[in-house]
Structures are given as structure tokens and as C-alpha cells.
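Observations on the three-dimensional arrangement
Residue-level listing of the chains:
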Amino acid sequence: MYDYQIQKSEELGETTYITTLKNGLTVYVCKKEGYKKKMGLFGTKYGSIINDFVDISTGKRIQVPDGIAHFLEHKLFEKEGENALDMFSKMGVSSNAYTTFDHTVYFFETIEKFEESIDMLVKLIKEPYFTKENVEKEQGIIGQEISMYDDDPGFVVYFNALRAMYKKHPIRIDIAGTIETISHIDKDLLYTCYHTFYSPQNMFFIVVGDVDVDETVKRIEQNICKYEENYGKNETISKIEKFLEIEDREIAQKEISKAMDIYMPQICLGYKLDVVTKQEILRREAICSMISDMYFSKLTKFYEEEYEKGMITEPVSFDYEGSQYFSHVILSSVTKKVNELKDDLLKYIHKIKNEPIDSTLFELIKKKKLGSIVMSAENLNISYRRIIEAILENVDIYDDIAILKSITEKDIREFLNLLDDHYMAISIVTNKQ
Amino acid sequence: MLNIYKINDSKFKSIYLSCNFIMPVNRNQNSENALLGSVLGKACKQYPTQAEIEKYLYGLYGTDFNVNIEKLGDLYNIEFKVQFVHKDFLPDKQDVSDKVIEFLYQVIYDPYLVNGVFDSTIVEREKKVILNKIMERKDDKLRYSVQRMEQLLCPNEAFGMDLYGEEEIINAITPERLYQRYLEVIQGSCVTFLLSGNLEKYEDLEDKLKKKFEPKLENHLKLDEMIYDDVKREMKNKIEEEKEIQDTVQSVLSIGAVIENYQVQDYYALNVYNTILGGTPSSKLFQNVREKESLAYTVRSRYYRFKPILIIFSGIMQENYEKAKDLILEQMQDMKKGNISHIEFSSAKESLVADLLEWNDSKIALAKMQLSNVLAFQSEEVTLDQMIEQIKKVTLEDVIRVANKVQVEKVFLLGGNENV
């Protein structure tokens, strides 16, 4: 009935069927046999860092207040006087939505109400309902959400690290904005962002679960048709124009520190890197997950020594975060002795850059990764996250697994050499006392 | 005899195996258990350091191992758990199960000892780890508030003691005393195994466990012998307010209630009650406190499976304290009077049923359900399907009846020192 591009992973026992509807919306159905839960996700390639663009209705370039993509997420999940979370919940279905730097996703999870949930999700996204009153009401709720993050030391230390690394890039701004910036949001601005970024070509629909593929796609298409008069009539597609400058590696400030009423201080080291795209992003992610195990996990001498000294009780995390718009490595940890740990980490990174790779260890990590890949197949959330990443970075869905298997010692070596103190910023949250 | 609960579903690709030491505790034992759990997971005779334990597990294709501590009501559980990949999904169909069972046995029954007791260096090191965990709690304001409320509601019960114990008691524990405690735990607990996941082609796994562990399991407590009667509660019939100052942007309001004259059969109706009150976005709290009045982003109520208490928590601005408190108490009063719409009632039941059905997709949830049903219902016969049936059978009258058993006793505000 539909033409599918089929992508498959033997390791995960998982197949994803991809088809593009006549209006340009691409649908992904990831089949997970035997699972009861079914998930549906409707998303757009629009997030907090896209705040400078051409308004699709007027053709004029505009800059919008910080936090508007997240605000739009809240408001779109509401219909006349009724919250969408509530509408799903009345059907016994759980739902939620989230906004990231570069995408926004609305989703449901259900066992018995799959078809009705698709109907509801499409309706919500295709029928925006913003009023002066409901925008004002949301400013109070989001204000409390922002205050909650302000008291969360993990959140503060992380966003401060981004602010220290980036000079102007919008990754510096809080995804939810601030109480001040969201006070400038009104219903017209919300409609502008909606019309510009919630077009079928900029969106994706993902289903994960043990479902009938044809029936699922048909149901989605039938629903979309209800809201698009010109469905399938080959209207000209307006191109989205957004302005987002990729930054050079120079950092904004070397160190940033904040005192909070907490017990355990936290630290983040951020290494700013040159931006790469497509499979290179996946390669860097795979390399960093190997580095994390090889040099920071509980089997390392580093962990053992820091643990014995009472510096840490959990491994320091070492993560790659990258997209076509930014690229960096973040190390983070909680510790009683934040300055000592900082010194130890910096020394340690110098050391591992200059020592040979332990081949036995490298092989051991690869063995562990094989097991982890299989275990990850039991988690439906990992399935949809992989699809979203493939959409955003324009790669095949299961490329990450092949890439992880292909990582060599040389890759590790070369990547470690990218960690340059000159392009590194430090964020610390201390305890007030 | 080996006490084991087993779940087999071939859609999974791995196997979860856990060995639970469940026991009642007093104040001292509570702290000792926390330290013991921390020490045992870090070393055993054959693998005397964390690094060696981890290396061994990495070689078993990333077998996951943890010592987890938890409270099941007033009972303490020290759980040794592993998760490993099914042989069908490993290169050359390698089977790691024998090695995993042997490893689990080693970490439990062959600990790393120096002069017949635990190594004092490790004990002292782990004391610091535990003490940090206790202090660190305040860094998560919402969780901290809920935990303080648990303590306020159950001051004289094991449930109300901090899972990680008390600083003074922990500091005083010697390696000798800890080893003594170790012997008490392995000889005096109810030992329960959970085995769940894809057990196809692993028909002999239970026998292997029996052969390995049974010699160690004589004369142990039985789960049904340990089921406690909850302390007779004296109803306070008044609300006490407490406040703790922290320098924060947001304040956390929590409200604690106890269930008067709780009966096992109230369990399902109380779950429906809790869901209507503050369990979902359709709930009275979400609708009124968040959606109508914009007072909060987070507002929820939680009913405790093993304790007849209920806690409501919400992140608010301090200046809205009285308003939010009154609004929440009003919702509870409303439910006592039976002001519950048909849609509130039916959607709460549907949500609960959906949550239960979802356990089918988690091998760990399925296994844990069997264990907790023994404790909560004093029966190991209760299946997931029966639980779902019982939820469906709850009537509006049942909900109103239990609503009138819910008595608010404490209000706790964790807040900034500004504005008030």
C-alpha cells in the first residue's frame, strides 16, 4: 500500500519502515515484536537554538524571545481550556512533550488505545489554540518550572558550562528561557513560530511497538488529511530559512562559578570542538562512550584512586554532545573537593593523551559494548531516540551500531588529541557556607 | 529450600537474577545494613577491588551487577542483582550464566576479609560514602521534602528511618561489629530469589541456583512469617505545620496524611483515590493547582504500597503557601464529600490499568511485583491479571469510603528565607 524504505538491525531484532506521505511528512514505524506498549511521537526539527529566522507568513527576518520553542510546546499541548496531558489521561493514556536545543517532540504511550491516541496526537498538533488568557496563565506555570531548574545544581552547572564555552551561540540560553524573556511571548509570536516550523516537511511521526505497519501509516494519513485542505495537491513548499552561526573553538570565559544552598558541589569541564556532521557525529559519540569506559569507569585506576581519596563515589561522566550546529565534550562529576578533582582531571587528561592505548582493555570494552547493545533492545525509548537522531543528523537509523563496532584504537588516540586545554571551560557549583 | 519467583518471556534478550535478604531492623541494624550493603558490593575474596569486579563483569559481555538497598515498608532489603545477556544473542552462543551464578555466590558468601573481619580501610572509606549520601539528599529539593515528610509521618517506625542510617551510629561501627552484622544478615534473613527474562533454553537455571545456594539457606525466616502488623496509629485529629529554611528560588510544600484503620482490601480503592487526587494530569490537584491557578509546575500525590500513608508535594512560590495549601486541602475535602465526576473516576481506573499492563514489558517490574505482592497482600497467589480485575471492580462508593479514612496530619514547607 505504501512504499517503504526498510532499515533493520540484526543485533536488536528490530526493523523500521520509513515512508513519506504526500504532504512531505515522513513516517517511521519501528516494529518491536512481543511488546505490549506502543509509542507514538510527533516531532519537529525546531528547538531552543533556532531563534533567528524568516517568518514564513510575512517573509521578514525576525528574532524571537528566549524560551519560545518550549513555550510553544506547552501551549500546543492544550486545547480550548483543556490540557492535552489531561485529554490523554482521560483515555488512560500517558503522554508528554519535551523541547531540546534542536527539536521538539510530543508523544503518547499506550497499550489498549493506540488508534485513538494517534487521532488525538494529530489533532493536537494540527489545531493550535492560543489566546491572550491561556498564554498569560502559562507564564505562571513555566515560571515555576524555571524556578525548579534554578534550584537544581546539576542543571545549573551544566548550563553554566555551555555559557562558558560559547560566546554568542544560542545554545547558551536556557531551553525554557527566563521569567523575563517569556514575559515577552504573546499569541501572535507563537503562531508565527508554529506556522514556520510545524510544516509537514519539517516534522516527523514515529511509532514504536508491535503494530501493523500499513494500518498505522494509513491511520496517520487519514488524520492528517482532516486538517489539510490541499493534502496531496503538490502545493509549492516554502523553504525554511533560519540563521544560526556555527562558532569557532574560542571559548567565552575560562571559569564560571556559582554558590548554591546545597551539600555536594559539582563540576563540569567542557571541551569545545570543531563542528562535524552526519556519520562523523555518530563516530564521535561512539568514541566517547568507549573513552568513558576505558578511562573513567569503575574498572579504571583513575576511578579507584579518586574513590580511595574520597573524591568521588560515582564515575566522572564523559559525554559527547554534538549536532550540525555545535560540538563539545562534557565531563561532569559531583565531589566534596571540587578544586582537587579539577586539578586531578586536568592532569589525568594530559596523561592519557600521552600514553599508549592498552589493547587488552580496548578489546574488553568492545566485548562489554556488544552486551550493552543487546540489552538496549529491551528499551523502547532507545529505539525512538535512535530514530530521532538519524532524522536530525541525516544518517541511517542503525548506523550507530556498525560505527561502534568499527572504532579502532587509532580513533581513540586521535580523538583524545582533540581535547585541548585552550578550548576548555570549567563550570563549578559550590556550596554556600 | 530455595524461595524463588520466576518469570519467563521470550521477547526479552537478557536475564535478571536477584538475591534478596529481607529482614526487620531496629535503629542500629538499619545503619549497619546500609554500611554492609556498601561494603559487600565493593570487594570479595576472589575479586578484592572494585576494578577487579568490574573487569570480570566486562568480560562477561557487560553483565550488570549491583548491591541495592531498599525499604519494603518496615522491612529492610539488601538486594544483590545481576543482569546478563541470553546466550542466543552472544557471539558463538556463549553462555555466561554459570559464571554469573558463581560470581553472585562469591560476592555474597565469600567476602574479602582481613583477620577474619572486614577490611578496616574499606569500612572507613564506605562510611564516608554513606555519610555523603545522607547529606547529599538536600540537593534535590522535591525528593528531600518527600523524604522529610515520610519521617514526620512515621517517626517511630523502621520505614521512617533514613535508608542510609544515622551519622552517629555509622561512625561507631567497627569492622568486627560489621562482620557480626553480616553473619546475622546472611543467617537471619528471609532470602528470596527473583529470576526473570528470556528463560528459553535455560530450563536448568533454577536447579543450578538450588544446588549452589541451598546449602546456605537452612532455617531461614520465611517471608510470610515476617509480615508485620502496622503499628497501631493514634490519630492526631489535628494538622501540625513545620518549616525548614533553605536558600532556594522555589519552595516545596508537602502535605502528609495517614489512612485511618487501614485494611488490606482498601489497597485498590486507595490507589484509585490517589490517582483521582493527584496521580495524573486529569487529577484534581493538577487541574486546580496547576492549570486553573498557575501556582505550580509540579503537583502530585503519592500513595505508598507498604505503608498506609499518602504524601502530596508541590513546587511553589513561598508567597503562595497559604493559597496552595488551602486549595489542596479543599480538593481532599471535596473527595470526602463525594465530589468526583464520572470522568475523573473512570479515567483514573483506566490509567491504573494501563500502568499495570505496562509491567508486562519490564522483566524487573514483573519479578518485583511477585515479591511485593507477598508483602502487601500477604499472598503469593495474586497475579497481574487479578490486580487489574480488582482495580476495575472499585466503585465510586469505595473511593468515597477510603477518602474519609485519609487524615491530614502534617504540612511541611521547605523554603527560601526571603519574603517571609
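All figures in this text were calculated on a predicted structure; none of them were measured in a lab.

Focus: the overall build of chain B
Counting secondary structure elements, chain B contains 16 helices and twelve strands. The C-alpha radius of gyration of chain B comes to 23 Å, within 12% of the 22 Å expected for a compact globule of 420 residues. Along the first, second and third principal axes, the C-alpha atoms of chain B reach 60 × 45 × 40 Å. Across the 420 residues that make up chain B, the buried fraction comes to 61%. Pairs at least 24 residues apart make up 84% of the contacts formed inside chain B by residues separated by at least 6 positions. Where the 54 positive side-chain charges of chain B centre and where its 67 negative ones centre are 1 Å apart.

A short note on the overall build of chain A
Helices and strands together make up the secondary structure of chain A, namely 15 helices and 16 strands. Taken over C-alpha atoms, the radius of gyration comes to 23 Å for chain A, in line with the 22 Å a tight globule of 433 residues would show. Its C-alpha atoms give chain A principal-axis dimensions of roughly 65 × 50 × 40 Å. Here chain A holds 433 residues, and the buried ones make up 61% of them. Of the contacts made within chain A by residues no fewer than 6 positions apart, 79% connect residues no fewer than 24 positions apart.

Things to note about helix α1 (residues 68-76) of chain A
With respect to burial, α1(A) is a largely interior element, nine of its nine residues being buried. Among all positions in α1(A), only I68(A), A69(A), H70(A), F71(A), L72(A), E73(A), H74(A), K75(A) and L76(A) are buried.

Things to note about the packing of aromatic side chains
Under the definition given, this model contains 44 aromatic pairs over all chains. Judged by centre distance (6.3 Å) and plane angle (55°), the ring pair of Y2(A) and Y4(A) falls under tilted. The class of Y2(A) is buried, set by a relative accessible area of 14%. In textbook terms, an aromatic cluster arises when at least three aromatic residues are bridged by ring pairs, as seen for Y46(A), F53(A), F77(A), F88(A), Y106(A), F108(A), F114(A), Y194(A), F197(A) and Y198(A). Positioned above the aromatic ring of Y263(A), the side-chain terminus of K336(A) is 3.7 Å from the ring centre. Seen from the ring of Y61(B), K367(A) lies directly overhead, with NZ or CZ sitting 5.0 Å from the centre.

Looking at the nonpolar core
All names here are of chain A. Among the nonpolar cores identified, the biggest contains 80 residues, and Y46, F77, F88, F101, L121, Y198 and F205 are the most heavily contacted of them. Broken down by element, this core gets its largest block of residues, eight residues, from helix α5 (residues 153-165). Here this core gathers at least three residues from each of two domains, domain 1 (5-227) and domain 2 (255-431). Counting residues in hydrophobic clusters, the runner-up holds 76 residues, among them Y28, L364, A377 and I388.

Quick look at the sheet that holds strand β15 (residues 327-334) of chain A
All names here are of chain A. Pairing within the open sheet is mixed, and its five strands lie in the order β12-β16-β13-β15-β14. In the strand order of this sheet, the two ends are held by β12 (255-260) and β14 (317-322), each with one partner. Across this sheet, the average inter-strand angle for adjacent strands is 15°, counted without regard to direction. Direction of pairing for strand β13 (residues 266-272) relative to β15: antiparallel, over a ladder of seven bridges. By the bridge assignment, C268 is partnered in β15 with S332. Sheet strands in contact with α5 are β12, β13, β14, β15 and β16 (424-431), and its direction is about 30° off that of β13.

Observations concerning the domain arrangement of chain A
All names here are of chain A. Structurally, chain A comprises domain 1 (5-227) and domain 2 (255-431). Taking only C-alpha atoms into account, the centre of domain 1 sits 28 Å from that of domain 2. Contact with domain 1, which involves 44 residues of that partner, is made by 40 residues of domain 2. The three residues of domain 1 that bury the most area against domain 2 are L12, V157 and M165, which together make up 17% of that side's buried surface. Our enumeration of links across domain 1 and domain 2 arrives at one salt bridge. Notably, a salt bridge pairs K405 with E11, separated by 2.4 Å at the nearest N-O pair. Joining domain 1 to domain 2, the criterion identifies 13 residue pairs in polar contact (both at pLDDT 80 or more). For the side of domain 1 that touches domain 2, the secondary-structure elements that each account for two or more residues are β1 (5-9), β2 (14-20), β3 (26-31), β4 (38-44), α5 and β11 (203-209). Ranked by residues supplied to the side of domain 1 that touches domain 2, first place goes to α5 with ten residues. A class-by-class count of the residues in the side of domain 1 that touches domain 2 yields 24 nonpolar, nine polar and eleven charged.

A closer look at the environment of E321(A)
All names here are of chain A. The residue E321 is located in strand β14 in this model. For the pair E321 and C288, spaced 33 residues apart in sequence, the C-alpha separation works out to 9.6 Å. Those residues in contact with E321 that sit more than four places away from it in its chain are Y158, F326, S327, H328 and I330. Among the polar contacts made by the side chain of E321, one reaches the side chain of Y158 at a distance of 2.8 Å. In terms of polar contacts, E321 uses its side chain to reach the side chain of H328, at 2.7 Å.

Things to note about the pattern of salt bridges
Following the criterion strictly, the structure yields 66 salt bridges over all chains and no others. Between E414(A) and K410(A) there is a salt bridge whose closest N-O contact spans 3.2 Å. With E414(A) and K410(A) both in helix α15 (residues 409-416) and four residues apart, the pair spans about one turn of that helix. You can call E414(A) partly exposed: its relative accessible area is 42%. The closest approach of N and O atoms between D266(B) and R401(B), which form a salt bridge, is 3.2 Å. Note that D266(B) is positioned in the loop between β9 (251-259) and α10 (267-278) and R401(B) in helix α16 (residues 396-403), a separation of 135 residues in sequence. Given the relative accessible area of 1%, D266(B) is considered buried. A single network of salt bridges, built from pairs that share partners, joins K75(A), E78(A), K137(A), E138(A), R290(B) and E291(B).

Details of the pairing of β11(A)
Look at any regular strand and the pattern is simple: side chains alternate between the two faces of the sheet. Residues and elements named next belong to chain A. Among the seven residues that make up β11, seven are buried, leaving the element largely enclosed by the rest of the structure. The alternating pattern of β11 places M203, F205, V207 and G209 on one face and F204, I206 and V208 on the opposite face, and all of these are buried. Direction of pairing for β3 relative to β11: parallel, over a ladder of six bridges. Paired with Y28 across the strands is I206, a residue of β11. Where β4 and β11 come together, six bridges link them in antiparallel fashion. Note that in β11 the partner of F42 across the bridge is F205.

Cut-off values and rules
- Residues numbered from 1 in each chain as written.
- Chains lettered and ligands numbered in written order.
- Predicted model: local features only at pLDDT ≥ 70, side-chain atom pairs only at ≥ 80, totals over all residues.
- Heavy atoms only, no water.
- Helix = DSSP H or I, 4+ residues; strand = E, 2+ residues; numbered from the N terminus.
- Rg over C-alpha atoms; globule rule 2.2 N^0.38 Å.
- Buried < 20%, exposed > 50% of the residue type's maximum accessible area, 1.4 Å probe, protein only.
- Contact = heavy atoms within 4.5 Å.
- Lys, Arg positive; Asp, Glu negative; His and termini not counted.
- Charge placed at Lys NZ, Arg CZ, Asp CG, Glu CD.
- Phe/Tyr/Trp six-rings, centres within 6.5 Å; stacked < 30°, edge-to-face > 60°.
- Lys NZ or Arg CZ within 6 Å of the ring centre and 35° of its normal.
- Core = buried A, V, L, I, M, F, W, Y, C linked by side-chain atoms within 4.5 Å.
- Domains from an automatic or database assignment.
- Pairing = 2+ DSSP bridges.
- Axes fitted to C-alpha atoms, helices over the stretch in contact; angles between N-to-C directions.
- Buried area = accessible area lost by both parts, 1.4 Å probe.
- Salt bridge = Lys/Arg side-chain N within 4 Å of Asp/Glu carboxyl O.
- Polar contact = N/O pair within 3.5 Å; in protein donor to acceptor, adjacent residues only side chain to side chain.
- Nonpolar A, V, L, I, M, F, W, Y, C, P; charged D, E, K, R; others polar.

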